[in-house]
Number of protein chains: 2
Amino acid sequence: MIKKYRIGNPIPTDSVIEEMEITAESIPYFIRDDDAKSLNIHMLKNDKVYGLGETVRGINKRGHIYTGFNTDDGLHTEDKRSLYASQNFFIISSDVRKLGVYVDTPGRVTFDIGFSKKDELLIVFEDFDADIYLIEGDTLTGVVKEFRHIIGRSYIPPRWAFGYGQSRWGYRTADEIREVADEYDKAGIPLDMIYLDIDYMEDFKDFTVSDEKFPNFKEFVNEMKDRGIHLVPIIDAGIKIEEGYDVYEEGVENGYFCKKENGDDLVAAVWPGRVHFPDFLNDEAREWFGDKYKVLLDLGIDGFWNDMNEPAIFYTEDHLKEVFDRIDDYKDMELNIYSYFDFKELVASIGNNESDYRRFYHEYKGQKIRHDKVHNLYGFNMTRAAGEAFERLCPDRRILMFSRSSYIGMHRYGGVWCGDNMSWWSHLLLNVRQMPALNMCGFLYSGADIGGFAADVTEDLLLRWTAFGIFTPLFRNHSAFNTRRQEMYQFESKDVFKNLVELRYALLPYIYSEFMKAALEYDMLFKPLAFEYDDDRSLEIEDQLLYGESIMIAPVYEQNVTGRHVYLPEKMKMIRFRAYDDYDEEILEKGDHYLRADLNEVLVFIRKGHVLPLAKPGMRTTNVCSEDLIYLCFEAEPGSYNIRR
Amino acid sequence: MIKKYRIGNPIPTDSVIEEMEITAESIPYFIRDDDAKSLNIHMLKNDKVYGLGETVRGINKRGHIYTGFNTDDGLHTEDKRSLYASQNFFIISSDVRKLGVYVDTPGRVTFDIGFSKKDELLIVFEDFDADIYLIEGDTLTGVVKEFRHIIGRSYIPPRWAFGYGQSRWGYRTADEIREVADEYDKAGIPLDMIYLDIDYMEDFKDFTVSDEKFPNFKEFVNEMKDRGIHLVPIIDAGIKIEEGYDVYEEGVENGYFCKKENGDDLVAAVWPGRVHFPDFLNDEAREWFGDKYKVLLDLGIDGFWNDMNEPAIFYTEDHLKEVFDRIDDYKDMELNIYSYFDFKELVASIGNNESDYRRFYHEYKGQKIRHDKVHNLYGFNMTRAAGEAFERLCPDRRILMFSRSSYIGMHRYGGVWCGDNMSWWSHLLLNVRQMPALNMCGFLYSGADIGGFAADVTEDLLLRWTAFGIFTPLFRNHSAFNTRRQEMYQFESKDVFKNLVELRYALLPYIYSEFMKAALEYDMLFKPLAFEYDDDRSLEIEDQLLYGESIMIAPVYEQNVTGRHVYLPEKMKMIRFRAYDDYDEEILEKGDHYLRADLNEVLVFIRKGHVLPLAKPGMRTTNVCSEDLIYLCFEAEPGSYNIRR
């Protein structure tokens, strides 16, 4: 049962699509404090808290403060409170209750989940204006499904987007891209996508392609498409200020950019230097910006990723000026314990400075609204601009689209990747733990940068991360220009990488089917064990996941080990894959097992009464046929599995 | 068997005290490359690498690059290559060989342990001058003992230093300190030490005490000592430049400070603003600085911690001037993708800038040597200054001393703490993994900041960290001024903290005995399982440790769990402590177990044929008597345990 409550006078977010009446009574279970602008709920000792989408730490969110305020911060350490997304849906769960809570507010909101007081979940609002949806259900999955119904169906990408993709900030020319494709082909490692990071553009201008680096881009796109490889360019939020650049000029002329209080277009800076930010919250501006994707669609592009849309800000012109003025004060000072850190912070904080989010305004639903009040909707509406445009421009095709920043509602228009993570073992585990939380909030097409974006990967980390990544719908290896090269063919164990990616392609009929079921039935693809088993052990497992209806996975996320502990909540059939056509099968009893899982092995556990179909892989998703499948079964008939095509 | 080899013409470090002949042959096992200034050794697939002291990541060091170059960096993430210490001793170990390697070189050296190539351990030197000691033995412990013999006996602190200590950057007055003592007494939580961070000084000047904050310090020290509480002040490396300040004036007058090439005293800055750095490598200066500790000894102080001795540098005067000159260039520039990051880095990198380590010189053993060439000896010799002074000033007493920066050799003069860690679960695990590596290198009196220095702790993290901390010889809760208060009495579960610290005090006879055995027999207190068991599983266990001769420990280091997996390499008796006098006993078979370990429980495993003595705890270590012990035994007689007093 789902009920909607209202606090104050919230700015609509369009995250919920179902019209619902506002319940007149006060919000049950919670203590409301208007002075503190807070809601407070007591947690039972054994309550677990699930959800909040893309955040740090565990599957059970107890023991930390999370802040819904989209933030461009590449250092996803345990103490961080905000990442790129605000997905303010969570479930408080114990054997006595399952209570789903969606806090729909577009500005800053903080969730203190047993941090300050062990048994208290405290929600503190910057503005006490929000719609609160409470969902009471008998099962966790039931609560999720009810929530997902009111926020609408999740984005479904084209089938080829379930292939493997290679990316790197640093690919500069068509020849470099060709080389990546050639090397993958040479190594026999399947590949469907190569991503174009910011360097494909002319001076980092959206919807341009550098003629110098890509002399005939349209031909090149076709050449790659003939090879079965999709090029997927990045689009950034900021529009370069440059006379003669059409997007800039149209935006200025039509008033489509975010404005300061005095009516001037805000001048900020990102990659190209000085930029304006399109006002994606303005319907007209959003339509205009969305239409711009046509430039690239017409060149044969059929997939995009939207970036820097928190929005990331290197600096605003106004703030930078203030900073330079203040720097002079420090010049003749003896910098000591106080002034030294002030000075360093002054410069360090010119990037993504929160004060800058109070310097500009949107035209949103007929109102002029200061950005910080609707901050979390910016990336959502950038991606909505694209999604709505694709519906207008090519209603019969699915276009690949995913975004860095997001808010619930954006899940209808695109997926997400988990932003600029690091080549850390702990970020592989974080990836494992983020997936079910993203799914709860509607984000099904998602994944992290396999191998890690920043810092230098090791071969074993990339192998283990790939062995998990073969299950994430978005399966992309991405890294930063100043890190060790991270393409699979750069490493000694090319054959193992080949086997892993081939296994992904062999699993494609299953992955695609289960993704489609999750999307169409408002379900999750990745689930914590607690969503289907209620024994005490299952409730605490945070490094194994149920994946679709048939299997449980147990990724290895530690260096220098050749096995791991796995808890089986019931009898299952283990498949230890070395390749799609080379594996051991073993029936394992309910309980604890220490299982060998060497660098070339992937453990999959088939649940009782279930079937795992396997296809013969190919070098492209188009070569993977959903006919002639092999069915791995555990106390089930092959025919009982329902393939979606 | 131990052999010494020489490359080039190394600067002596005094880390090895045993006179050894240099072997004339070339270094076996290694491929030497004079052009690349490197040594290279092939690793077998199942070789494990142990050692390197205080570094990030696992017990088995394979899979990362570590750089011996002492660094003041508080963000100990997985990708970091240097922390505060350089402890360049490691062991390559498999069933076919145990090869200990000590790389004795005071400048920068890099250990690429299977990072670039999986099966290659590559040592790259900045200066190809080093003494290399190779130790071949039959057992890991045998190799460690041989190494430890040549570097000399480890520092032994006074017995009270095995008590519990409370610290915080931010205690400003005698009354605040009294309050800490009162609150601990009120909560019934034992306490032996309160630490004084930088605020006790007058304007951050070493060997001064602020009269304003501590009106009669000597009386206060005595008052606390009468309560059984030792005050332990911090000493920093930098000496404030201030007319009339005796340490400054004497240093200048006698030429005891580090000098620039032109002979001027280097002007750097740390807490007090502008400082000079004492030249601890100069014998006379070291003696002079050591004698300064007498100022505080005379006030009743009997313990110190040496900090900022990498040395940490906020900036040097010369470099800061260059930075400010360059800032002007950016003022009128349009900061874009290139210049923006350059500008931010320009300011960010004024702290601990490596170029500053090339700006000053030491008088070391009769030679003028540029600092970077002997960088890793600086903290060592600061602590040596103190240790040598204590031998002169109070030869019959043990003085507590530990340091942030270190090099092998310093272990004879003091312990270490693991620097500015974070309130992260992963840093609790890091603490577990660092202990045996520190022990290998001779650092027995060591520990990390319990609960984490930076970031906000949660009660459950502090509980779990304390449950491990009760085993570390240095058992100190420390945190930064801008974090959540971290004293145990600030939290709801005071009774659990009381039980945990009481358990520490009950274990004191065992901890002290095992520490003394380790020190006197050149052994380790903490050992990886691989040091005593050679089954495949034991070789990979990185979250359980052998602790002294009798027990194995298995700390819990994850949030929101009530148990953990424990592997028993042989049959053991588990003690599940809730308090020193409230516990379950259970005999467990060799193999894997999932064991309950709730927030109020500590798991200890008594090895077959061994005894764990327990005393009745008291509020101070002096109240803990090594008579009338209770003996927990597993197939052993109480009398078989040898107590050291």
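Residues numbered from 1 in each chain as written. Chains lettered and ligands numbered in written order. Predicted model: local features only at pLDDT ≥ 70, side-chain atom pairs only at ≥ 80, totals over all residues. Heavy atoms only, no water.

### Description of the interface of chain B and chain A
- Residue-level contacts link 70 residues of chain B with 70 residues of chain A.
- Note on chain B versus chain A: buried area summed over both sides is about 5,900 Å², and carbon and sulfur give 54% of it.
- The interface formed by chain B and chain A contains eight salt bridges.
- The partner of Lys118 of chain A in a salt bridge is Glu459 of chain B, with the nearest N and O atoms 3.2 Å apart.
- At the junction of chain B with chain A, the criterion picks out 41 residue pairs in polar contact (both at pLDDT 80 or more).
- Among the secondary structure elements, those contributing two or more residues to the side of chain B that touches chain A are strand 16 (268-270), strand 17 (273-276), helix 6 (317-331), helix 7 (337-348), helix 9 (425-440), helix 13 (536-540), strand 31 (563-568) and strand 34 (591-596) of chain B.
- With eight residues, helix 7 of chain B is the largest single contributor of residues to the side of chain B that touches chain A. (Contact = heavy atoms within 4.5 Å. Buried area = accessible area lost by both parts, 1.4 Å probe. Salt bridge = Lys/Arg side-chain N within 4 Å of Asp/Glu carboxyl O. Polar contact = N/O pair within 3.5 Å; in protein donor to acceptor, adjacent residues only side chain to side chain. Helix = DSSP H or I, 4+ residues; strand = E, 2+ residues; numbered from the N terminus.)

### Quick look at the confidence of the model for chain A
- Per-residue confidence for chain A averages 97 on the pLDDT scale, and 100% of its residues sit at or above 70.
- Interface predicted TM-score (ipTM) for the complex: 0.97; the corresponding pTM is 0.98. (pLDDT = per-residue confidence, 0-100.)

### A few points about the packing of aromatic side chains
- For the structure on display, the rule yields 110 aromatic pairs over all chains.
- An angle of 75° between the planes, with centres 4.9 Å apart, marks the rings of Phe162 of chain A and Phe515 of chain A as edge-to-face. Taken together, the residues Phe162 of chain A in the loop between helix 1 (140-151) and strand 12 (164-166) and Phe515 of chain A in helix 12 (residues 508-520) connect sequence positions 353 residues apart. Residues Phe162 of chain A and Phe515 of chain A agree in their burial class; the two are buried.
- Among the aromatic side chains, those forming a connected cluster through ring pairs are Phe207, Tyr256, Phe257, Phe277, Phe280, Trp288, Phe289, Tyr293, Phe304, Phe360, Tyr378 and Phe390 of chain A.
- We note Arg81 of chain B situated over the ring of Phe115 of chain B; from NZ or CZ to the ring centre the distance is 5.8 Å.
- Sitting above the plane of the Tyr195 of chain B ring, Arg476 of chain B keeps its charged end 4.8 Å from the centroid. (Phe/Tyr/Trp six-rings, centres within 6.5 Å; stacked < 30°, edge-to-face > 60°. Buried < 20%, exposed > 50% of the residue type's maximum accessible area, 1.4 Å probe, protein only. Lys NZ or Arg CZ within 6 Å of the ring centre and 35° of its normal.)

### A few points about the relation of the copies chain B and chain A
- Overlaying chain B with chain A gives an RMSD of 0.0 Å, the required rotation being 180° about an axis along which the chain moves by 0.0 Å. In the structure described here, the two chain copies are related by an operation that fits a two-fold rotation axis.
- Residue by residue, 100% of the interface of chain B is reproduced at the interface of chain A, so both copies engage with the same surface. (Least-squares fit on C-alpha atoms with pLDDT ≥ 70 in both.)

### Examining the state of the cysteines
Residues and elements named next belong to chain A.
- Within the structure shown, the criterion is met by zero disulfides over all chains.
- Cysteine Cys441 is unpaired, with the sulfur of Cys418 as its nearest cysteine sulfur at 12 Å.
- Among the residues examined, Cys441 registers a relative accessible area of 0% and is labelled buried. (Disulfide = S-S within 2.5 Å.)

### What to know about the pattern of salt bridges
Residue and element names in this part refer to chain A.
- As enumerated under the stated definition, the model contains 127 salt bridges over all chains in all.
- Of the charged contacts in the structure, one is a salt bridge between Asp131 and Arg6, with a shortest N-O distance of 2.7 Å. Note that Asp131 is positioned in strand 11 (residues 130-136) and Arg6 in strand 1 (residues 2-7), a separation of 125 residues in sequence.
- Two residues, Asp14 and Lys365, come together in a salt bridge whose shortest N-O distance is 2.9 Å. Highlighted residues: Asp14 in the loop between strand 1 and strand 2 (31-33) and Lys365 in the loop between strand 20 (361-364) and strand 21 (367-370), separated in sequence by 351 residues.

### A few points about the side chain of Asp199 of chain B
- In this structure, Asp199 of chain B sits in the loop between strand 13 (193-196) and helix 3 (217-226).
- Discounting residues that sit within four places of it in the chain, Asp199 of chain B has contacts with Trp169, Gly170, Tyr171, Arg172, Phe204 and Lys213 of chain B.

### Re helix 2 (residues 174-187) of chain A
Residue and element names in this part refer to chain A.
- With 14 residues, helix 2 extends 20 Å from end C-alpha to end C-alpha; this agrees with the ideal 20 Å at 1.5 Å per step.
- Inspection of helix 2 places Ala174, Ile177, Val180, Ala181, Tyr184 and Ala187 among the buried residues, and these make up the whole buried set.
- Those residues of helix 2 that are buried lie in contact with strand 12, strand 13 (193-196), helix 3 (217-226), strand 14 (230-236), strand 27 (475-477) and helix 11 (494-506).
- Gly188 sits one or two positions beyond helix 2 and adopts a positive phi of about 70°. (Expected span 1.5 Å × (residues − 1).)

### A short note on the sheet that holds strand 10 (residues 120-125) of chain A
Residues and elements named next belong to chain A.
- Spatial ordering of the open sheet is given by 2-3-10-9-5, a layout of five strands whose pairing is antiparallel. Unpaired on one side and paired on the other, strand 2 and strand 5 (64-68) mark the two borders of the sheet. Taking the axes of each pair of neighbouring strands and ignoring which way they run, one obtains an average angle of 15° across the sheet.
- Here strand 9 (residues 109-113) pairs with strand 10 via five bridges, running antiparallel. In the strand pairing of strand 10, Phe111 is matched with Ile123. (Pairing = 2+ DSSP bridges. Axes fitted to C-alpha atoms, helices over the stretch in contact; angles between N-to-C directions.)

### Quick look at the environment of Glu120 of chain B
Residues and elements named next belong to chain B.
- Note on placement: Glu120 falls in strand 10 (residues 120-125).
- Sequence separation of Glu120 and Asp104 is 16 residues, and the distance between their C-alpha atoms is 20 Å.
- Within the structure, the side chain of Glu120 is placed 3.3 Å from the side chain of Asn40, a separation counted as a polar contact.

### Notes on the side chain of His64 of chain B
Residues and elements named next belong to chain B.
- Its location among the elements puts His64 in strand 5 (residues 64-68).
- Reaching out from His64, the side chain makes a polar contact with the backbone oxygen of Lys80 at a distance of 3.0 Å.
- Residue contacts for His64: discarding those within four places in its chain leaves Val56, Arg57, Glu78, Asp79, Lys80, Arg81, Phe111, Asp112, Ile113 and Phe115.

### Considerations on unusual backbone geometry
- Of note, the bond from Glu310 of chain A into Pro311 of chain A is cis; its omega dihedral lies within 30 degrees of zero at -5°.
- When you line up the elements, Pro311 of chain A lands in the loop between strand 18 (303-307) and strand 19 (315-316).
- The backbone of Lys365 of chain A shows a phi angle near 50°, a positive value even though the residue is not glycine.
- In this structure, Lys37 of chain B takes a positive phi of about 50° despite not being glycine.
- As for its placement among the helices and strands, Lys37 of chain B is situated in the loop between strand 2 (31-33) and strand 3 (38-42).

### Re the sheet that holds strand 28 (residues 526-527) of chain B
All names here are of chain B.
- Reading across from one edge, 28-29-30-35-32-33 is the order of the six strands in this open sheet, with antiparallel pairing throughout. Among the strands making up the open sheet, the edge pair consists of strand 28 and strand 33 (582-588).
- With six bridges connecting them, strand 32 (residues 572-579) and strand 35 (residues 602-607) associate as antiparallel partners. Bridging from a neighbouring strand, Met574 pairs with Phe605 of strand 35.

### Comments concerning the environment of Asp396 of chain A
- With respect to the helices and strands, the residue Asp396 of chain A is situated in the loop between helix 8 (378-393) and strand 22 (400-403).
- Separated by 210 residues in sequence, Asp396 of chain A and Lys186 of chain A have C-alpha atoms that sit 35 Å apart.

### A closer look at the pairing of strand 10 of chain A
Residues and elements named next belong to chain A.
- With burial as the criterion, only one face of strand 10 is covered, namely that bearing Leu121, Ile123 and Phe125; the residues Glu120, Leu122 and Val124 on the opposite face remain uncovered.
- For strand 3 (residues 38-42) and strand 10, the ladder comprises five bridges, and the chain directions are antiparallel. Pairing of Ser38 across the sheet is with Val124, part of strand 10.
- Connecting the antiparallel pair strand 9 and strand 10 is a turn made up of six residues, with Gly114 showing a positive phi of about 75°.

### Things to note about the packing of helix 5 (residues 283-297) of chain B against helix 8 (residues 378-393) of chain B
Residues and elements named next belong to chain B.
- Where helix 5 contacts helix 8, the axes come no closer than 8 Å and their chain directions differ by 65°. Crossing of helix 5 over helix 8 shows right-handed handedness. In contact with Arg286, Glu287, Phe289, Gly290, Asp291, Tyr293, Lys294 and Leu297 of helix 5, helix 8 contributes Asn381, Met382, Arg384, Ala385, Ala386, Glu388, Ala389, Phe390, Arg392 and Leu393. (Left-handed = near helix turned anticlockwise from the far one by under 90°.)

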